[in-house]
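Fold and geometry: a report
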Amino acid sequence: MGLTENRVAVVTGASRGAGKGIALALGETGATVYVTGRTRTESDLPGTVLATAEEITARGGTGVPVICDHSDDAQVEALFKQVERESGTLDVLVNNAFTIPDGLASKGPFWEKPLALQSMFDVGMRSAYVASYYAAPLLIKDDGGLVVNTSSFGGRCYMHGPAYGAGKAAVDKMAHDMAVDFKPHNVAAISLWMGLLKTERNKALFEGVPDRYQSFAAGAETPEFSGRVIDALARHPDRMRWTGQVLIGAELGAELGVVDTDGSSPRSHRAMLGDPPTYSDAVVD
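Quick look at the structure, then. Not measured: the values here are computed from a predicted model.

1. Side note on the pairing of strand 4 (residues 92-95)
The side-chain alternation of strand 4 yields two buried faces, one formed by Val-92 and Val-94 and the other by Leu-93 and Asn-95. By the bridge criterion, four bridges tie strand 4 to strand 5 (residues 145-151) in an arrangement that is parallel. What sits directly across from Val-92, in strand 5, is Leu-146. For the segment spanning strand 4, helix 4 (residues 122-139) and strand 5, crossover handedness is right-handed.

2. Considering the side chain of Ser-151
For Ser-151, the position within the fold is in strand 5. With residues up to four places along the chain from it excluded, the contact list for Ser-151 reads Lys-168, Val-171, Asp-172, Ser-191, Leu-192, Trp-193 and Met-194.

3. Observations concerning the packing of helix 1 (residues 17-27) against helix 2 (residues 49-58)
At their nearest, the axes of helix 1 and helix 2 sit 8 Å apart, and the two run at 25° to each other. With respect to helix 2, the element helix 1 is oriented roughly parallel. As helix 1 runs across helix 2, the sense of the crossing is right-handed. Taking contact as the criterion, the partners of Lys-20, Ala-23, Leu-24 and Gly-27 in helix 1 are, on helix 2, Thr-52, Glu-55 and Ile-56.

4. Quick notes on helix 1
Counted residue by residue, helix 1 has ten buried out of eleven residues, so it is predominantly covered. Every buried residue of helix 1 is listed here: Gly-17, Ala-18, Gly-19, Gly-21, Ile-22, Ala-23, Leu-24, Ala-25, Leu-26 and Gly-27.

5. Regarding unusual backbone geometry
For His-160, which is not a glycine, the phi torsion comes out positive at approximately 65°. Within the fold, His-160 resides in the loop between strand 5 and helix 5 (162-182). In the Ramachandran plot, Asn-186 falls in the positive-phi region, its phi being about 60° despite a non-glycine side chain. Here Asn-186 lies in the loop between helix 5 and strand 6 (187-193). Of the residues examined, Asn-186 reaches a relative accessible area of 21% and is grouped as partly exposed.

6. Focus on the side chain of Ser-152
As for its position among the elements, Ser-152 is in the loop between strand 5 and helix 5. Ser-152 sits in the buried class, given a relative accessible area of 8%. Side-chain polar atoms of Ser-152 contact the side chain of Tyr-164, separated by 2.9 Å.

Each value, and the rule that gives it
- Numbering of residues begins from 1 in every chain and follows the order in which that chain's sequence is written.
- Confidence filtering applies because this is a predicted model: local features only for residues at pLDDT of at least 70, side-chain atom pairs given and counted only at 80 or more, and all residues used for totals across whole chains, interfaces and linings.
- Side-chain measures here rest on the full set of heavy atoms in the structure, leaving out hydrogens and waters.
- Partly exposed residues are those whose accessible area sits between 20% and 50% of the maximum for their type, while under 20% is buried and over 50% is exposed, using a 1.4 Å probe and protein chains only.
- By the criteria applied, helices consist of DSSP H or I runs no shorter than four residues and strands consist of E runs no shorter than two, each listed in order from the N terminus.
- Paired strands are those between which DSSP finds at least two bridges.
- Throughout, right-handed denotes a crossover for which the path from the first strand over the helix to the second runs clockwise when the strands point away from the viewer.
- Residue contacts are counted whenever heavy atoms from the two residues lie within 4.5 Å of one another.
- Axis definition: a line fitted to C-alpha atoms, over the contacting stretch in the case of helices. Angles run 0 to 180 degrees between N-to-C directions.
- Here the word oblique covers every angle except those under 35 degrees (roughly parallel), over 145 (roughly antiparallel) and from 65 to 115 (roughly perpendicular).
- The hand of a helix crossing depends on one turn: near helix anticlockwise from the far one by less than a right angle means left-handed, and clockwise means right-handed.
- Identification of polar contacts relies on pairs of N or O atoms within 3.5 Å, with a donor-acceptor requirement for protein atoms, meaning one able to donate a hydrogen and the other able to accept it, and with residues adjacent in sequence counted only if both atoms are side-chain atoms.

Read these as layout, nothing more, since geometry by itself doesn't imply function.
Shown next as structure tokens:
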């Protein structure tokens, strides 16, 4: 069964960046999209929870802004109680909330970087688990659903150091294991490796250190491309065939016939950065 009509989605961390693009792409299909994040007013970077929700509505969907600190379990629980109260169900959960501490992209060994980089274990790794925990009763309520953990090649190669890598590897494995529990309920769970994105933050990074990121920037994807891929997967009548896998967004997009907003087909960085992991089929309860 494809998730095609009157869909309800939650996209965490969607005031800007990847989350905003994913939320907008889902909203364009007419879905009701709950947009979460902490940003009430713009600061050094553009984007707020309310602005994303308003743009979703302007594009033909229904945007619902929810100020939510994903490091606070009580606020996350309240988010899904609101979804249940207002919509009664949930079709798509995108776990995208992620903290980006100062010093993440700095060169040098991990012990010369701020210890605060371990905050990515909280809003990133842990927040994906907590959101999925509170979303699960809604996701299994009807026949079919989709959980997507946004991730990156950093789960396989060295990227920004061990804190970033450990967090991405964790959400990859989390999707695989959640898929085992969700399978009897026809809910698919995947981890999606996005390419380098043309986000507000990355655009500043490209301009600041062009020599370091030149080759990646040339093939960067818009944030909405990942949302289009998620939409196509959610609509696919046989989406359970991908459940439990770590998938490269560019490759899944090509398989599902998805293109970026300019009509281009983003390229996969598999050859440069490595293959997604494969996991054992063994289940030990």
